[in-house]
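Listed below are the residues making up each chain.
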Amino acid sequence: MPVDLTSIQPSKSAILVIDVQNDFVSGSLAVRDAEQIINTVNALLTLPFALKIGTQDYHPANHISFACNHAGKKEFEKITISPPAELVAKRKPEDELPLEALEQVLWPVHCVQGTTGAAFVDGLEHESLEVVRKGCDVGVECYSAFEDPWGLTNTGLKDKLRSKEISNVFVVGIAGDYCVKYTALDAKKHGFRTFAIRDAVKSVSDEGTEWTEMTKAGVEIIDKAEELLSSKIFSQ
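What you are looking at is a predicted structure, and each value in this text was computed from that prediction instead of being measured. (Residues numbered from 1 in each chain as written. Predicted model: local features only at pLDDT ≥ 70, side-chain atom pairs only at ≥ 80, totals over all residues. Heavy atoms only, no water.)

All right, on to the packing of helix α5 (residues 176-189) against helix α6 (residues 209-216) then. Two numbers describe how α5 lies on α6: the axes approach to 10 Å, and their chain directions differ by 5°. When the axes of α5 and α6 are compared, the pair comes out roughly parallel. Between α5, through G176, D177, K181, A184 and L185, and α6, the contact on the second element is made entirely by E210, E213 and M214. Its residues placed into classes, the contact of α5 with α6 shows three nonpolar, one polar and four charged. (Axes fitted to C-alpha atoms, helices over the stretch in contact; angles between N-to-C directions. Helix = DSSP H or I, 4+ residues; strand = E, 2+ residues; numbered from the N terminus. Parallel < 35°, antiparallel > 145°, perpendicular 65-115°, else oblique. Contact = heavy atoms within 4.5 Å. Nonpolar A, V, L, I, M, F, W, Y, C, P; charged D, E, K, R; others polar.)

Moving on to α6. Buried residues of α6: E210, W211 and M214, and no others. Projected onto a plane normal to the axis of α6, the buried residues spread over an arc of 100° and lie on a single side. Where α6 is buried, its residues meet α5, β7 (193-202) and β8 (220-222). (Buried < 20%, exposed > 50% of the residue type's maximum accessible area, 1.4 Å probe, protein only. Arc of directions from axis to C-beta.)

Time to look at the packing of aromatic side chains. Counted according to the given criterion, the structure contains seven aromatic pairs. Here the aromatic rings of Y143 and Y178 are separated by 5.3 Å at their centres, their planes lie at 65°, and the arrangement is edge-to-face. With Y143 in the loop between β5 (130-134) and α4 (157-163) and Y178 in helix α5, the pair connects residues that are 35 residues apart, well separated along the chain. On the basis of relative accessible area, Y178 is assigned to the partly exposed category, the value being 23%. Each residue in the set F76, W107, Y143, Y178 and Y182 is aromatic and connected to the rest through ring pairs, giving one cluster. The ring of Y58 carries the charged tip of R133 above its face, separated from the ring centre by 3.9 Å. Residue placement shows R198 over the ring face of W211; its charged tip is 4.6 Å from the ring centre. (Phe/Tyr/Trp six-rings, centres within 6.5 Å; stacked < 30°, edge-to-face > 60°. Lys NZ or Arg CZ within 6 Å of the ring centre and 35° of its normal.)

We now examine the sheet that holds β7. On the basis of which strands lie adjacent, the open sheet formed by six strands has the order β5-β2-β1-β6-β7-β8 and parallel pairing. This sheet does not close on itself; its edge strands, each paired only once, are β5 and β8. Strand-to-strand twist across the sheet, computed as the mean angle between neighbouring axes with direction ignored, equals 25°. As judged from the six bridges shared by strand β1 (residues 13-18) and strand β6 (residues 168-174), these two strands associate in the parallel manner. By the bridge assignment for β6, L16 is matched with V171. Seen against the sheet, α5 touches β1, β5, β6 and β7 and runs at an angle of roughly 170° to β6. Along the sheet face, α6 touches β7 and β8 and points at about 170° away from the line of β7. (Pairing = 2+ DSSP bridges.)

Counting residues in hydrophobic clusters, the biggest one holds 65 residues, and the most contacted among them are L44, L161, F170, I174, I197 and L228. The contacts of L44, once residues within four sequence positions are left out, are I15, F49, V172, I197, A200, A225, L228 and L229. By size, the runner-up hydrophobic cluster in this structure holds nine residues, among which are I64, I81, L106 and L152. (Core = buried A, V, L, I, M, F, W, Y, C linked by side-chain atoms within 4.5 Å.)

Structure (structure tokens):
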């Protein structure tokens, strides 16, 4: 069923292009067929969104998510990580809820700061994108483009959207079952009307549970980018 876009104003809308980076397309953590969404994303970037954001995973070489930084551990094993004490100490007094340890997948080294793997992939027309970087703290994983799961670090994206009076957020990119999903869920949580565009997203898994999870949270799923590209809303 097509999504109702009649109330959408381009002047109140942003597109978030999530992690279309070399390591996720053809590098150390490549998502199968990820290159197939690039033309679709580029077409969407021609639309008159008020704000166009491109996110980058941007890890230090000793990042906690890299298997090589854990003695005896192999890539794709899982461990449990706790919130870094130095960041917990900076919490505001009113943040009294305890922070639980979280399961962490151990990944191959990817998107290291200053490397080719962290750069936007060739072919992505990224010149119009404002860059938001995530996963920059050594002890914190950050799939969402807004903040880490504990809320100890944030990228400034929420404030950037609100400063532009954005109401609607359209999410595309890599990977659907990780950074796209968590970004969309956080966008919805922060009060934005949130859309994920299915044919402008590639996921690691073929199971598709991310789409069910996003839908249950109130994220609206647009099956085809053409629904936006041909919309009178965006052609006015």
